[in-house]
Amino acid sequence: QEVTVDVLDHLEQLALVDFRDAEGVERLQKAIQFADQLHEVNTDGVEPMDSVLEDRCLYLREDDVTEGNCAKELLKNAREKVEEYFVAPPGNIPLPKLEERETFLQGF
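In this report, we go over the structure that sits alongside the text. (Residues numbered from 1 in each chain as written. Predicted model: local features only at pLDDT ≥ 70, side-chain atom pairs only at ≥ 80, totals over all residues. Heavy atoms only, no water.)

Some details on the overall build of the protein chain
Then, in step 1: When helices and strands are tallied, the protein chain shows four helices and two strands.
Then, in step 2: Taken from N to C terminus, the helices and strands of the protein chain fall in the order α-α-α-β-β-α.
Then, in step 3: Residues counted as buried form 13% of the 108 residues belonging to the protein chain.
Then, in step 4: Across the protein chain, every contact between residues at least 6 apart in sequence was considered, and the portion connecting residues at least 24 apart equals 60%.
Then, in step 5: If you sum the accessible surface of the protein chain, you get close to 10,100 Å²; carbon and sulfur atoms cover 51% of it. (Helix = DSSP H or I, 4+ residues; strand = E, 2+ residues; numbered from the N terminus. Buried < 20%, exposed > 50% of the residue type's maximum accessible area, 1.4 Å probe, protein only. Contact = heavy atoms within 4.5 Å. Areas by Shrake-Rupley, 256 points an atom, 1.4 Å probe, with all protein chains shown as cover.)

Have a look at this one:
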């Protein structure tokens, strides 16, 4: 399946991932090919599920706190933060103009 400029634009905005290089587009094409295999699975008569574990009883474990008061240390790992919060995802990627994408995709 060919990756169009519109599909590329939509996925970049959803995922905040830059697919402008050849490796990114190739990975995207492979992922689409892999996911397309799901269309071959016959699901006639199969009821949708909320979870693959919906017929099992899930037991919760006790949550024992062994450490704490380390927010300052953890925030040192943040690429970007606002006040005392991580910024996720770390910034928006600059998206190229539509003309640049069309030129780039002509090689595929």
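Back to the text.
Notes on the pattern of salt bridges
Then, in step 1: With the rule as written, the count across this model stands at three salt bridges.
Then, in step 2: Across the pair lysine 30 and glutamate 26 runs a salt bridge whose closest N-O atoms are separated by 3.4 Å. Here lysine 30 pairs with glutamate 26, and both are found in helix H2 (residues 22-36), just four residues apart, close to one helical turn.
Then, in step 3: Judged by its relative accessible area of 41%, glutamate 26 is partly exposed.
Then, in step 4: For aspartate 63, the salt bridge goes to arginine 61, with nearest N and O atoms at 3.3 Å. In this structure, aspartate 63 and arginine 61 share a single accessibility class: exposed. (Salt bridge = Lys/Arg side-chain N within 4 Å of Asp/Glu carboxyl O.)

So, a nonpolar patch on the surface
Then, in step 1: Taken together, Met49, Val52, Leu53 and Leu58 make up a surface patch of nonpolar side chains, about 410 Å² in accessible area.
Then, in step 2: Considering the arrangement of structural elements, one finds methionine 49 in the loop between H2 and helix H3 (71-75). (Patch = residues over 30% accessible without salt bridge, like charges linked within 9 Å, V, L, I, M, F, W, Y side chains within 5 Å.)

Considerations on H2
Then, in step 1: Compared with an ideal rise of 1.5 Å per residue, which puts 15 residues at 21 Å, H2 spans 21 Å between its outermost C-alpha atoms and is within 8% of the ideal.
Then, in step 2: Every buried residue belonging to H2 is among Gly24, Val25, Leu28 and Ile32, and all of these are buried. Buried residues of H2, viewed axially, fall in a sector of 95°; they line one side. Counted as exposed and oriented over 90 degrees from the buried face of H2: Arg27, Lys30, Gln33 and Phe34. (Expected span 1.5 Å × (residues − 1). Arc of directions from axis to C-beta.)

Describing the nonpolar core
Then, in step 1: Core analysis: the largest hydrophobic core is formed by six residues, namely Val3, Leu8, Phe19, Val25, Leu28 and Ile32.
Then, in step 2: At three residues, H2 tops the list of elements feeding residues into this core. (Core = buried A, V, L, I, M, F, W, Y, C linked by side-chain atoms within 4.5 Å.)

Things to note about unusual backbone geometry
Then, in step 1: Positive phi, close to 55°, is recorded for asparagine 69, a residue that is not glycine.
Then, in step 2: Relative to the elements of secondary structure, asparagine 69 occurs in the loop between H2 and H3.
Then, in step 3: The phi angle at glutamate 83 is positive, at roughly 55°, despite the residue not being glycine.
Then, in step 4: Inspection of the secondary structure puts glutamate 83 in the loop between strand E1 (81-82) and strand E2 (85-86).
Then, in step 5: For glutamate 83, a relative accessible area of 69% gives the class exposed.

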